[in-house]
Amino acid sequence: MKIVDLVRSFAEPVVLENGCTLWDVEYVREGADWFLRLYIDKDGGVDINDCERISRAVDPILDEKDPIPDSYHFEVCSAGLERTLKRPADFERFLGSAVLVRLYRPKDGSKEFAGKLEGYEDGNITILLQNGKQLTFEKSEVALVRLRVEF
């Protein structure tokens, strides 16, 4: 089992008990250091107290279960307004929302497309551009999809 899946399995119930949902678990290397991050969400938004409470509740479990043999930094963060969409449920939840799609390689001269999320099927993403044109991207083309805050 991957580290993020293992951590999700024991962190998610704790996050739920604390009135939040677990949006994502990330284990990444940044420079010389490794970071384990829990991204949380709740109706009305997450504040620093939510992050601190969940961090204090999950930290002893991490010490006990010891899912990562090497040293790392543990953080609990808000999923944020411009969160990354990864799972099918994420896409279904935010249908009709403004998104930014970033591609691995340029398409029509661009690697980034902003629009409204119109559809998600078998990993393929359809967005409606501001000019009314609809674009569909295959899963293999897409590097990242995140919500986009419009002002």
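Residues numbered from 1 in each chain as written. Predicted model: local features only at pLDDT ≥ 70, side-chain atom pairs only at ≥ 80, totals over all residues. Heavy atoms only, no water.

> Any chance you could explain the side chain of Asp50 here in plain terms?
Tracing the backbone through its elements, the reader meets Asp50 in helix H2 (residues 48–65). In contact with Asp50, other than residues within four places in its own chain, are Cys20, Ile40, Lys42 and Gly45. (Helix = DSSP H or I, 4+ residues; strand = E, 2+ residues; numbered from the N terminus. Contact = heavy atoms within 4.5 Å.)

> Would you explain unusual backbone geometry in this entry?
For residues that are not glycine, phi is negative in most cases, and the peptide bond is trans in most cases. Residue Asp66 is not a glycine yet carries a positive backbone phi of 50 degrees. Position of Asp66 among the secondary structure elements: in the loop between H2 and strand S3 (73–78). Even without being a glycine, Asp108 presents a positive backbone phi close to 55 degrees. Relative to the elements of secondary structure, Asp108 occurs in the loop between strand S4 (98–107) and strand S5 (110–121).

> Hey, could you run me through H2 in this one?
Because the α-helix completes a turn every 3.6 residues, residues three or four places apart line up on one side. Compared with the 26 Å implied by 1.5 Å per residue over 18 residues, the 25 Å span of H2 between its first and last C-alpha is a close match. Approximately 25 degrees is the largest bend angle found in H2, and it occurs at Val58, with the proline Pro60 only one to four residues beyond. For H2, every residue scored as buried is listed here: Asp50, Cys51, Ile54, Val58 and Leu62. Buried-residue contacts for H2 involve helix H1 (3–17), strand S2 (33–41) and S3. The opening residue of H2, the one whose side-chain oxygen lies 3.0 Å from the backbone nitrogen of Asn49, is Asp47. (Expected span 1.5 Å × (residues − 1). Bend = angle between axes of the 7 residues up to and from the residue. Buried < 20%, exposed > 50% of the residue type's maximum accessible area, 1.4 Å probe, protein only. Polar contact = N/O pair within 3.5 Å; in protein donor to acceptor, adjacent residues only side chain to side chain.)

> What is the right way to read the packing of aromatic side chains from this model?
By the definition in use, this model includes four aromatic pairs. On the numbers, 6.0 Å between centres and 70 degrees between planes, the contact of Trp23 with Phe94 is edge-to-face. Linking Trp23 in strand S1 (residues 21–30) with Phe94 in the loop between helix H3 (88–93) and S4, this pair joins segments that are 71 residues apart in sequence. For Trp23, a relative accessible area of 7% puts it in the buried group. Plain terms: the ring middles of Tyr27 and Trp34 are 4.7 Å apart, the flat faces sit at 20 degrees to each other, and that makes the pair stacked. Under the relative-accessibility criterion, Tyr27 is labelled buried at 19%. (Phe/Tyr/Trp six-rings, centres within 6.5 Å; stacked < 30°, edge-to-face > 60°.)

> Can you walk me through the sheet that holds S5 in this structure?
By definition, the strands of a sheet pair up through backbone hydrogen bonds, in either a parallel or an antiparallel sense. Reading across the sheet, the five strands line up as S7-S6-S5-S4-S8 and stay open at both edges, with antiparallel pairing between neighbours. The outermost strands of the open sheet, each flanked by one partner alone, are strand S7 (134–137) and strand S8 (142–147). Going across the sheet, the axis of each strand differs from the next one's by a mean of 40 degrees, ignoring polarity. As paired elements, strand S6 (residues 124–128) and S7 share four bridges and run antiparallel to each other. Bridged to Ile125 within S7 is Phe137. (Pairing = 2+ DSSP bridges. Axes fitted to C-alpha atoms, helices over the stretch in contact; angles between N-to-C directions.)

> Help me out: how do you make sense of the packing of H1 against H2 in this one?
In a pair of packed helices, the angle between the axes and the distance between the axes together describe the arrangement. Relative to each other, H1 and H2 sit at 150 degrees, their axes nearing to 10 Å. When you trace H1 past H2, the crossing you get is right-handed. Each of Val7, Phe10, Ala11, Val14 and Val15 in H1 lies in contact with H2, whose residues at this interface are Ile54, Ala57, Val58, Ile61, Leu62 and Lys65. Of the residues belonging to the contact of H1 with H2, the class tally is ten nonpolar, no polar and one charged. (Left-handed = near helix turned anticlockwise from the far one by under 90°. Nonpolar A, V, L, I, M, F, W, Y, C, P; charged D, E, K, R; others polar.)

> Any chance you could explain the state of the cysteines here in plain terms?
Two cysteines, two sulfur atoms, one covalent bond between them: this is a disulfide. Summed over the entire model, instances satisfying the criterion amount to zero disulfides. Unpaired in terms of disulfides, Cys51 finds its nearest cysteine sulfur in Cys77, a separation of 6.5 Å. (Disulfide = S-S within 2.5 Å.)

> Where do I start with the nonpolar core in this structure?
Generally speaking, nonpolar side chains in soluble globular proteins are found buried as a group. Residues Val7, Leu36, Leu38, Ile40 and Val58 are the most contacted members of the largest nonpolar core, which totals 21 residues. For this core, the elements supplying multiple residues, two or more each, are H1, S1, S2, H2 and S3. Filtering out sequence-adjacent residues up to four positions away, Leu38 remains in contact with Val7, Ala11, Leu22, Asp24, Val25, Val58, Phe74, Glu75, Val76 and Cys77. Grouped together as the second largest cluster of nonpolar side chains are 19 residues, Tyr39, Ala79, Val99 and Ile127 included. (Core = buried A, V, L, I, M, F, W, Y, C linked by side-chain atoms within 4.5 Å.)

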